[in-house]
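Here is what each chain is made of, one letter per residue.
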Amino acid sequence: MASFMSRFFKFGSQNMAIDLGTANTLVYVQDRGIVLNEPSVVAIETINGIKRVKAVGDDAKMMMGKTPDSIEAIRPLRDGVIADIEIAEEMIKHFIRKVNGKRTSMFSPPEIVICVPSGSTSVERRAIRDAASNAGASQVYLILEPMAAAIGADMPVTEPVGSMVVDIGGGTTEVAVLSLRGLAYTTSVRVGGDKMDEAIVSYVRRHHNLLIGEATAERIKKDYGVASVPLDGIGESIQIKGRDLVNGVPKEITITQANIAEALSEPIGAIIEGVRIALENTAPELAADIVDQGIVLTGGGALIKGLDDYLREETGLPVSIAEDPLSCVALGTGRAMEDPIYRGVLMTA
Ligand SMILES: Nc1ncnc2c1ncn2[C@@H]1O[C@H](COP(=O)(O)OP(=O)(O)OP(=O)(O)O)[C@@H](O)[C@H]1O
Ligand SMILES: [Mg+2]
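Scope of this entry: the structure provided in the associated data block. (Residues numbered from 1 in each chain as written. Chains lettered and ligands numbered in written order. Predicted model: local features only at pLDDT ≥ 70, side-chain atom pairs only at ≥ 80, totals over all residues. Heavy atoms only, no water.)

1. Let's talk about the sheet that holds strand S16 (residues 250-256)
Overall, antiparallel pairing links the three strands, which are arranged S14-S15-S16 in an open sheet. The open sheet terminates on both sides in strands that have one partner only, identified here as strand S14 (210-211) and S16. Packing of helix H6 (residues 193-208) onto the sheet brings it into contact with S14, strand S15 (237-244) and S16, and relative to S16 it is tilted by some 105°. (Pairing = 2+ DSSP bridges. Helix = DSSP H or I, 4+ residues; strand = E, 2+ residues; numbered from the N terminus. Contact = heavy atoms within 4.5 Å. Axes fitted to C-alpha atoms, helices over the stretch in contact; angles between N-to-C directions.)

In structure tokens:
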């Protein structure tokens, strides 16, 4: 253990911590912090049967839903697991190259800490570790995503105190109870921001015969998404453009925030249910701590308006949102790499 920690502090190596998320990938470089934050999207072009990477990250996300037949915008991680390992590897390589820039040759190969969902199988973990190795890492360490989220949110994970983190990402929601550098309980629900987007797409299709893309649904969710019906029963009005399913032409409709709350009720209900199950399965001493410490929300889904209030009402516990929910996992992974106090949370397999 001592030997690898000292290697982490070796001068000049560009050691990295990577939050390889379903929706976004963030890279934290030792002593520099978060230097890259881009969508986990790869655009693949096929010419004469040969595939090649056309764009990665921001550039590729802009192409989503707008590509000609020869180009496909792919999200290699779906529902919190690797859906396409080769493309995931290409994406990791691309981001590492981007972070290193021209300096690659001056530095020894980096050591990389990469986070994995707590519910991932050993096969999935090996795939992620191999992808990072193939991308040029000299050594790869893994950290469980809820642990990283909790460290990034400044929760007391090293102390003998129970605390609960709920990380609502694009693909999964991870609920975990932490104490003494370990996960005392963890559950993962395959519901997150993506399922909310899908719920908006299907609501608009069912109630208005209007077809909208995922990117449009995501924009509506971020701008108007609410966890429960607004106090006046209506909220703001939202104009939505898409394609009419009956006659095929573009059209615009108006819905309300209350409609969005209705659309989101199923995915949000599944998240609340996950929290309830975790609370039911938490040992009494730790449960008592959570009554004092409360629940901390991280991940992009924590930004849905009113979700904290809703969870507070449903559980009767204090609920807070981490300072920068979208960065928590990357920050925590970086801190676990840099600070010896977190020794023990990094795994080699
Ligand atoms: N302001 C916002 N309101 C609601 N949702 C948001 C907001 N900002 C981002 N999101 C959503 O958060 C999700 C991305 O969150 P995050 O980056 O934490 O996921 P991830 O780490 O990539 O996914 P996972 O942890 O499941 O692998 C997306 O679904 C995005 O639409
Ligand atoms: Mg995440």
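Moving on, there is more to tell.
2. Here we look at the site of ligand 1
Ligand 1 sits among 20 residues. The nearest are Thr22, Ala23, Asn24, Glu218 and Lys221. Taking threonine 172, its main chain carries an N or O atom lying 3.0 Å from an oxygen atom of ligand 1. Glycine 300 places a polar main-chain atom, nitrogen or oxygen, 3.0 Å from an oxygen atom of ligand 1. Alone, ligand 1 offers 660 Å² of accessible surface; in the complex the protein occludes 92% of this. Contributing elements (two or more residues each) for the shell around ligand 1: H6 and helix H7 (214-224). Broken down by element, the residue count for the shell around ligand 1 peaks at three residues, all from H7. (Near = heavy atom within 4 Å. Polar contact = N/O pair within 3.5 Å; in protein donor to acceptor, adjacent residues only side chain to side chain. Areas by Shrake-Rupley, 256 points an atom, 1.4 Å probe, with all protein chains shown as cover.)

3. Focus: the packing of H6 against helix H8 (residues 257-280)
At a closest axis distance of 9 Å, the pairing of H6 and H8 adopts a crossing angle of 140°. When the axes of H6 and H8 are compared, the pair comes out oblique. For the crossing formed where H6 meets H8, the hand is right-handed. From H6, Lys195, Met196, Ala199, Ile200, Tyr203 and His207 reach across to H8, where they touch Asn259, Ile260, Glu262, Ala263, Leu264, Pro267 and Ile271. (Parallel < 35°, antiparallel > 145°, perpendicular 65-115°, else oblique. Left-handed = near helix turned anticlockwise from the far one by under 90°.)

4. Focus: the nonpolar core
By size, the foremost hydrophobic cluster in this structure holds 54 residues, and its most contacted members are Ile114 and Ile143. When residues in this core are grouped by element, the largest group, six residues, is from helix H3 (residues 85-100). Mapped onto the domain boundaries, this core takes at least three residues apiece from domain 1 (2-40 + 75-148 + 328-342) and domain 2 (154-191 + 268-321). (Core = buried A, V, L, I, M, F, W, Y, C linked by side-chain atoms within 4.5 Å. Buried < 20%, exposed > 50% of the residue type's maximum accessible area, 1.4 Å probe, protein only. Domains from an automatic or database assignment.)

5. Topic: the pairing of strand S13 (residues 182-189)
Where strand S12 (residues 173-179) meets S13, seven bridges bridge the pair, whose relative direction is antiparallel. The residue of S13 that forms the bridge with serine 179 is glycine 182. Connecting the antiparallel pair S12 and S13 is a turn made up of two residues, with leucine 180 showing a positive phi of about 50°.

6. Brief notes about the pattern of salt bridges
Throughout the structure, instances matching the rule amount to 15 salt bridges. Note that glutamate 38 is salt-bridged to lysine 98, the shortest N-O span being 2.6 Å. Of this pair, glutamate 38 sits in strand S3 (residues 33-39) while lysine 98 sits in helix H3, and the two are 60 residues apart along the sequence. Its relative accessible area of 6% is what places glutamate 38 among the buried residues. In the salt-bridge network here, residues are joined through shared partners; they are Lys61, Glu218 and Lys222. (Salt bridge = Lys/Arg side-chain N within 4 Å of Asp/Glu carboxyl O.)

7. Comments concerning the side chain of asparagine 259
For asparagine 259, the position within the fold is in helix H8. In this structure the side chain of asparagine 259 is engaged in a polar contact, spanning 3.0 Å, whose partner is the side chain of tyrosine 203.

The quantities given are spatial measurements derived from coordinates; they are silent on function.
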